[in-house]
Structure formats: structure tokens, C-alpha cells
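This is what each chain is made of:
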Protein chains: 2
Amino acid sequence: MNPVEKELTELLADERYGTFIQTIRKIRFPANYRFDSHAHPQVEINYINSGCCMMEVEERIVPLKRGSCIVVNPGQKHLFMVDVSKSCAITQLIYRTALPEKIPESLTCFHYDRPFYVFQDCGELCSLLENIGRYYQRRQEDDYQEAQLDFSLLQLYAMLSRSMEKERLQADSRQGKLGEALDRIHSRLEEDINIEELSRELGMSSRYLRKAFEDSIGISCSQYITMLRIARAKELLWDWEKDITQVASLTGFNSPQYFCRIFKKHTGMTPAQYRNMKKERPELTEET
Amino acid sequence: MNPVEKELTELLADERYGTFIQTIRKIRFPANYRFDSHAHPQVEINYINSGCCMMEVEERIVPLKRGSCIVVNPGQKHLFMVDVSKSCAITQLIYRTALPEKIPESLTCFHYDRPFYVFQDCGELCSLLENIGRYYQRRQEDDYQEAQLDFSLLQLYAMLSRSMEKERLQADSRQGKLGEALDRIHSRLEEDINIEELSRELGMSSRYLRKAFEDSIGISCSQYITMLRIARAKELLWDWEKDITQVASLTGFNSPQYFCRIFKKHTGMTPAQYRNMKKERPELTEET
């Protein structure tokens, strides 16, 4: 047995250990669905099967597209918003773990060292979540089925820990680079952001910055900025506090007209229509 | 941890334990492919993705169709034959295990108590084999990936042991029933087998016998008898020892004409064409 196997099987054998699944489902959220800001003591994993959505975790907006996955750690404030123009199907696992006091170094998924992690191209994670769902349904049939569930959970922990380790290594190597770029973009959203200038400020080529964006976030730099602006605009519109001219200016659009045009292009409706939309939540559909 | 989990993780921790994978692949065999009788010290698992094939294990002919799976235990003589009219894709795992002397009762897959097991509707087993293949390729990348491989193998052992346990229970409950019917069919293949008579002999209704066939073997009683006859006829034709009239009579067909008609219907060629066919083995294609 290698150290990871040893640590995972010892965890499974530890009487203080337990995984308590609250939700495991594939679900379709209708276009424009919104789940307001909340926090819970469980880990929440959302894998995007189709469509686009966005989460805001501890004031950081995270665009999510097909094949990507977000892991929100316990106690982190988050909200969930589906694209206005089309529905979004996700595979979701919400679980809590009881753990011994000392958690081995290698099991990064239990360190909760960041508010959230985002991974791209997570087809394998999705299959694993589906297996967990299947074995969870049958866990009481016999010891073999319960073993399938418990070993699948160990596989989940190995997969998450591995991805988090890789992400941390990458993050270290780009420290002061992409991370810094993201921070600057977030803090200057109401200004006119110029990628060339931004990369010069950070002492890197704009080619490097664009590539780092595509690789880590899965969309281009300018798409990211527009998504952020639209998301922040939606937030501001939702709260009825500001008029449309103010919203346009706070989200970095040069004019209300330009703001309305881009907003409509991305959401299928004007800011005024969005604001006036009924806020009733449509019914969700569990997918099988 | 339940007893099955305890036994499997203890096995993984035992320094005498090891799983040595010889072959893990998805492969398409062309129509009429044949692998002659052989035996090896490994376990061989074949899952049928598409097409039809047949194995003969220790003189028992086993028809296999899409979704079914055969586990051939170590040292058992077996041959493999693909339907003459269409190709057959299988997912195959061949492995050997090093084990401690004492194997727990619950881990039936290491007891090797029968020459082989056949299971129907094994989609989940197939996914698991695919996972094993994927993790096997990456096992040397890091400890997390090796853990994925080793836990997938534990899942395989849990899944096989569970299916074997169920099969043994069913076999016990139908002892002297379907088992006896199969033995009688196999030993009388050259006679005219009448299902009504056979069930009367065994003191059961023909309805029960037909149902037991469908449930355990996955095809109807008369399909099974015809498949057996065709398989035995192929064997006899292959060996050039007997003429076609003799083959027809040894495989329970009333006349050589009727034999030729049914043989052609099932294989796409006449017995003479089959016999004269070149025996060169066509190339195999690995599927990805």
C-alpha cells in the first residue's frame, strides 16, 4: 500500500470517521434560476452537465460551464445563478464528514484551506458522482453494496485531493501572476480594463495572461470580464437600489445604451425587463 | 467498517497480496474468429459489448450475448468462438492475484469453487473494467492514481463476490431443477429434446423451466438448444473427422437438409462452406 492508500483505509477504519450524504442528485435548473446567498456546514460539489451558470463564493464570482466543477468548502457563503437564456443541468453532491483530529497531509480535500476550488474537464469526477449516487441508493442491501459506496467515497477523496494538490502547485507557480490579475480585474470592474495594460503592469506578456486564463478558467480573458460585469449588473439590478445608468457605470460599461445592448445579448432581455421579471422560483426537475 | 470492507482493506494491506494485470482492453473480434482451447493461471473476465460469441469451458458450452459477462477461473480449459455472421466486441480483463493462505468466506471471487460464472446485464461491471483500464494506464503517475487503481480492484472483488454469492444461492434453490435440466440437455443433444417432456421428467411445469432459462441464461430454452447444437456442429466440422450427415445426426438434427438450413440461418454459410473456410486468423482491432 502506498501512503495515500494507507491514509485512506486508516480513515475508513477510524471509528470517528463518517461521511453523511445530504444530497446526491442530477438536477436541471430552469433559465434564470437563482439561489440566494447562504452557507452550510457541508461540502457542496456541483458538476455542470449542460448550460452555463455562475456561483459567487465569498464575494468572488465564478463562471461555470459544461464539464467544469466547483467544490465549495464548509461554511462558505455562496449563491448560485443560472444563465438567463438557457437552463442548466448539474450533478450535485452535498456531504458532511466526521473526521479524527489529525488529518494526513496528503488528504487535501479535508484541509479546507480555500473557500472553493474550480476544476475543468471533470468527466471522470462526474462518473464517480453518479456511481456514488447509485451505491448510496443501495447501501442498505448488503455489505458488498455498502463497501461499493465506501470505496467510491475514498476514490472521491483521492481524486479531489489530487486535483487540489495540482491546483495548489499551479497556483504557487503563477503566484503574483494570474492570481494578481484576477484580483486587479475584480477590484476595477467599473473601470475600462485593458488587457495589454494589465499584463504590462504585472510584468508579463498579454499572450501569457490570455493563455493562463484559457487554461485555468476555461474561457477567454475578455469573456471573463464581460461575464463578471453582467453578473455584477444582475446583482445590482436584483436589489432595486440603483437606476440603470448607475448600474451601467458601476459595472464598467461606457454608456447605458452599450450596457443594455451587451446585457440583452448575454441574457436575452433588457436590464429593465430583468429587473421587472417575476421573482417566483420555477419548479426544479430531478433528472434520472 | 462492515466485515466485507474490513476483509478487503486487510487484503490490500497484506504484503502477500498483489494483483497482476496481464491484459485490460476493449477489443473487436471479427466474425467467425476462434481461439482454440487453452488454459492459463489467470482469471479471465470477458464482457460482451456487442455481437454474440460462445465459450466452451471444461466441456460446457456457454452462449454469450451483449451485456453478459463470463468469469473463467484459473486453470480452466476454455475456447472462444465468435458468431460466423457478425463481429463481436468485448471488454477483457486477465489478471492473476497473489493471496495470503487464508481467504475470508465473504470474498467468493477468490474461492475458485466453479470452473466459471456467467452473469447477465453487467453494465456496471463493464464501467468498472473501463475505470480499471484507465487507472492502470496512469498507475505510475502518482500515489493518488495508484490508489484509484487499487480501490477499483477492491470494488471489482466486492462486485464479483456479491454476484457469485447470489448465483450460488439461486443455484442452491434450483438444485435438481435448472441445473439438472441443463445436464440432461447437454447429455442428450443428439436426441430430439422435447421441453414438455423434459419438464415432466424433472417434476416441474414447462412454464417454470422456460422462465428459469430466461432468467438465468438470458435466452429461451429452444434458442439455447439450437445454439448448443450449432456450436457442437461447428466443433465437429472444424475437426474434419466426420461427414455432414454424421454431424447432423450427432447434433440432434432430423436430416442433413434440415441441419444445413438451420446452420445457414445461424451462421450465414452452409456446413460445407464453414468446413472449407480458410482457417487463417484475421487481424484483431483494439478499440479505444
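What counts as what
Residues numbered from 1 in each chain as written. Chains lettered and ligands numbered in written order. Predicted model: local features only at pLDDT ≥ 70, side-chain atom pairs only at ≥ 80, totals over all residues. Heavy atoms only, no water. Core = buried A, V, L, I, M, F, W, Y, C linked by side-chain atoms within 4.5 Å. Buried < 20%, exposed > 50% of the residue type's maximum accessible area, 1.4 Å probe, protein only. Contact = heavy atoms within 4.5 Å. Least-squares fit on C-alpha atoms with pLDDT ≥ 70 in both. Salt bridge = Lys/Arg side-chain N within 4 Å of Asp/Glu carboxyl O. Helix = DSSP H or I, 4+ residues; strand = E, 2+ residues; numbered from the N terminus. Domains from an automatic or database assignment. Buried area = accessible area lost by both parts, 1.4 Å probe. Axes fitted to C-alpha atoms, helices over the stretch in contact; angles between N-to-C directions. Parallel < 35°, antiparallel > 145°, perpendicular 65-115°, else oblique. Left-handed = near helix turned anticlockwise from the far one by under 90°. Nonpolar A, V, L, I, M, F, W, Y, C, P; charged D, E, K, R; others polar. Pairing = 2+ DSSP bridges. UniProt positions renumbered as here; feature names shortened; annotations may be inferred.

Per an unreviewed UniProt entry, chain A carries the name HTH-type transcriptional regulator YesS and comes from Eisenbergiella tayi.

**Details of the nonpolar core**
Membership of the largest hydrophobic core comes to 78 residues, with the highest contact counts inside it found for Ile-45, Leu-156 and Tyr-157 of chain A together with Ile-45, Leu-156 and Tyr-157 of chain B. Excluding its chain neighbours within four sequence positions, the residues that come into contact with Tyr-157 of chain A are Leu-8, Tyr-17, Thr-19, Tyr-95, Thr-97, Cys-109 and Phe-110 of chain A.

**Section: the relation of the copies chain A and chain B**
You can overlay chain A on chain B at an RMSD of 0.1 Å; the transform is a turn of 180° with a shift of 0.1 Å along its axis. Taken together, the rotation angle and the small translation identify this as a two-fold axis. Most of the interface of chain A is mirrored in chain B, where 100% of its interface residues again form contacts.

**A few points about the pattern of salt bridges**
For the structure on display, the rule yields 30 salt bridges over all chains. Among the salt bridges present, the one from Asp-113 of chain A reaches Arg-168 of chain A, with a minimum N-O distance of 2.5 Å. With Asp-113 of chain A in the loop between β8 (88–98) and β9 (116–119) and Arg-168 of chain A in helix α3 (residues 143–173), the pair connects residues that are 55 residues apart, well separated along the chain. Given a relative accessible area of 23%, Arg-168 of chain A falls into the partly exposed group. For the salt bridge of Arg-162 of chain A with Glu-141 of chain B, the shortest nitrogen-to-oxygen distance reads 3.0 Å. Highlighted residues: Arg-162 of chain A in helix α3 and Glu-141 of chain B in the loop between α2 (123–138) and α3 (143–173), drawn from two different chains. Of the residues examined, Glu-141 of chain B reaches a relative accessible area of 48% and is grouped as partly exposed. Ionic contacts of the salt-bridge type, sharing partners, join the residues Glu-180, Arg-184, Arg-188 and Glu-201 of chain A into one network.

**Quick word on the domain arrangement of chain A**
Residues and elements named next belong to chain A. Each domain of chain A was delimited in the assignment, giving domain 1 (3–173), domain 2 (177–212) and domain 3 (219–288). Contacts between the two partners involve 9 residues from domain 2 and, on the opposite side, 10 residues from domain 3. Where domain 2 abuts domain 3, roughly 960 Å² becomes buried across the two surfaces, and 66% of that area is made up of carbon and sulfur atoms. On the domain 2 side of the interface with domain 3, the three residues burying the most area are His-186, Leu-189 and Glu-190, jointly 53% of the side's total. Our enumeration of links across domain 2 and domain 3 arrives at 0 salt bridges.

**A closer look at the packing of helix α4 (residues 178–187) of chain A against helix α7 (residues 221–238) of chain A**
Residues and elements named next belong to chain A. Following both chains from N to C, one finds α4 and α7 inclined at 40°, their axes separated by 11 Å at the closest point. Judged by the angle between their axes, α4 and α7 are oblique. Helix-helix and strand crossings are classified by hand; for α4 and α7 the assignment is right-handed. In contact with Leu-182, Ile-185 and His-186 of α4, α7 contributes Tyr-224, Ile-225, Leu-228 and Arg-232. Taken together, the residues of the contact of α4 with α7 break down into 5 nonpolar, 1 polar and 1 charged.

**Details of the sheet that holds strand β7 (residues 78–82) of chain B**
All names here are of chain B. Across the sheet, 4 strands lie side by side as β2-β7-β4-β5; this open sheet has antiparallel pairing. Edge positions in the open sheet fall to β2 (34–38) and β5 (60–65), since each of these has one partner strand only. Within this sheet the neighbouring strands show an average axis-to-axis angle of 15°, counted without direction. Bridge count between β2 and β7: 3 bridges; the pairing is antiparallel.

**Description of the environment of Cys-53 of chain A**
Residue and element names in this part refer to chain A. Within the secondary structure layout, Cys-53 lies in strand β4 (residues 52–57). Spatially, the C-alpha atoms of Cys-53 and Leu-128 are 22 Å apart, while their sequence positions differ by 75 residues. Beyond its immediate chain neighbours, meaning those up to four positions away, Cys-53 contacts Ile-48, Val-62, Pro-63, Leu-64, Phe-80, Met-81, Val-82, Asp-83 and Cys-88.

**Here we look at the UniProt feature "domain: HTH araC/xylS-type" (unreviewed entry) in chain A**
According to UniProt, the positions carrying the feature "domain: HTH araC/xylS-type" (unreviewed entry) are residues 179–277 of chain A. Taken as a whole, residues 179–277 of chain A contains 72% helix and 0% strand, while its terminal C-alpha atoms sit 36 Å from one another.

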